[in-house]
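# Structural overview for review
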Amino acid sequence: MIKNFVDRIADRIRMGYLAAFLLLLISYILTFFSTQKLISQANLVNHTSEVIHDLDNVMAFVTRCESDFRGYLVTDSRAILADYYKTRNNADSIVRRVKNLTSGNPDRVSEIDSVSKIVHKKFMWMNNEIATFDSTNELAGSVLMSNNLGLLTMRQLEDYIHQIQSEERGVLNAKTGNVAKYSRTIKIINIVSIFLAIVLTLYSVITFNKENKAKLIADRQAREFQEQLEQRLNELAALNTELVELRNIEKFAVTGRISRTIAHEVRNPLTNINLAVEHLQSEVEGKEEITMLFEMITRNTDRINQLISNLLNSTRTSELQLVTASINDVLDKSLEFAQDRIELKKINVVKNYDDEICPILVNNEKIYIAFLNIIVNAIESMDEHGTLHLSTESISDRCVAKIKDSGKGISKEDVGKLFEPYFTTKEKGHGLGLTNTQNIIFSHNANISAESEVDKGTTFTITFNYA
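What you see is a predicted model; the values in this text were computed from it and never measured. (Residues numbered from 1 in each chain as written. Predicted model: local features only at pLDDT ≥ 70, side-chain atom pairs only at ≥ 80, totals over all residues. Heavy atoms only, no water.)

### Section: the packing of helix 2 (residues 78–101) against helix 3 (residues 106–136)
Running from N to C, helix 2 and helix 3 point in directions that differ by 165 degrees, and their axes come no closer than 10 Å. Relative to helix 3, the element helix 2 is oriented roughly antiparallel. In terms of crossing hand, the pair formed by helix 2 and helix 3 is left-handed. Every residue of helix 3 that contacts helix 2 at R78, L81, Y84, Y85, R88, A91, D92, V95, V98 and K99 is listed here: V109, I112, D113, S116, V119, F123, M126, N127, I130 and D134. (Axes fitted to C-alpha atoms, helices over the stretch in contact; angles between N-to-C directions. Helix = DSSP H or I, 4+ residues; strand = E, 2+ residues; numbered from the N terminus. Parallel < 35°, antiparallel > 145°, perpendicular 65-115°, else oblique. Left-handed = near helix turned anticlockwise from the far one by under 90°. Contact = heavy atoms within 4.5 Å.)

Rendered as structure tokens:
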């Protein structure tokens, strides 16, 4: 549920940013094309401005050529004549440039060709007059006349250029209007882009805050649910532990009742057998073979009687004289009793005691026997250089001691039988050691349980109430 919620938040934020990206991309594309149009129109404006400016230069160069021409005729200065030729070349160059600038407009090319012809005609007239002046050293009459060819040509050139410039200015105004239009378009697109960016930013912030708030609420609810679940699991584990302890106690009680029933039912016939044997011994003459048979019967009945006594002792609860002691000291003292076995097999003992643990009530003699049985079993289950781990801690206001070995372990089927009378995994074991240990632990109003895994060792957990 939390994962789906987080995914939904991520999807909304991704959609917001994707929309922002698409809108800004469209805005950028529109801005790009508008800018290209603007640049194109600006180039056209510059082109038209250059045409108008160059036509002004044509007029200026032609006017300057005529001034140099007349100055040469008046002063006969070769320097002025040189300036005249230079200016004429510049005028021709400008005319060619204007023609190249207007090459894309056939009508304008035709008009520029007419201008070029007028300019050429003007220069031809001045060249002829200069040639006449150079040969006669006298001014021609046409030069002095106000309506001579030079003046007429000049007026014609001015009219033509003014006409072309007027047309170009009209084109310039139209193109300038286009530039302004595209500039306004770009401005509008930029304003809209900024507006969209602000709106999408606000959307992202609002969405994030909203979803983040919902996420925090969901996280809090999830934590509360997890805490409740953990509490329920702890309660269930505690109930399960109590159930296991009750089952162990009930099982121990049943075993005790069965043991007492067996002892009662078996001892009566044994008593009769012994009485019968004593009577027969007094009636029958003593032969060696018969005496040996009587001794065999008596010896086995005594052995059966001893086994029954051991079974009763291992399952009989008794009132113990309890004293206050530290569980840490009890474990250390029990280790001392098994020190020879530990050294013989080079067992590594690891202690992890709680130094602040509270004291418990124990009967020293009995509790040492119980712990010693567990420690000896642990040592015997391990090979040389095994590890025996002892620990104490406080759990749920109870004292918990654990004895763990690194031995070969016990199968799950056999773990449940560990405390049953006469059950043993040892070749020479009699199967009453752990039964007696359980009896002692129960006599201390404590509990014992075992966990084991094959090839990973066994752990015994003993839980006491605090004193």
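### Notes on the sheet that holds strand 4 (residues 387–395)
Strand order across the open sheet formed by 5 strands is 2-4-5-7-6, with mixed pairing between neighbours. Strand pairing shows two members of the sheet lacking a second neighbour, strand 2 (348–352) and strand 6 (447–453), which therefore form its edges. Strand-to-strand twist across the sheet, computed as the mean angle between neighbouring axes with direction ignored, equals 15 degrees. For strand 4 and strand 5 (residues 398–405), the ladder comprises 8 bridges, and the chain directions are antiparallel. Considered in strand 5, the bridge of T392 is made with A401. In the packing of helix 7 (residues 327–337) onto the sheet, contacts are made with strand 2, strand 4, strand 5 and strand 7 (457–464), and the angle to strand 4 comes to roughly 165 degrees. (Pairing = 2+ DSSP bridges.)

### What about the pairing of strand 6?
Two elements, strand 6 and strand 7, share 7 bridges in a ladder whose sense is antiparallel. Of the residues in strand 7, the one forming a bridge with S452 is T458. A loop of 3 residues connects strand 6 with strand 7, the two strands running antiparallel in sequence, and D455 in this loop sits at a positive phi of about 70 degrees.

Such coordinate-based values are descriptive only and should not be taken to indicate function.
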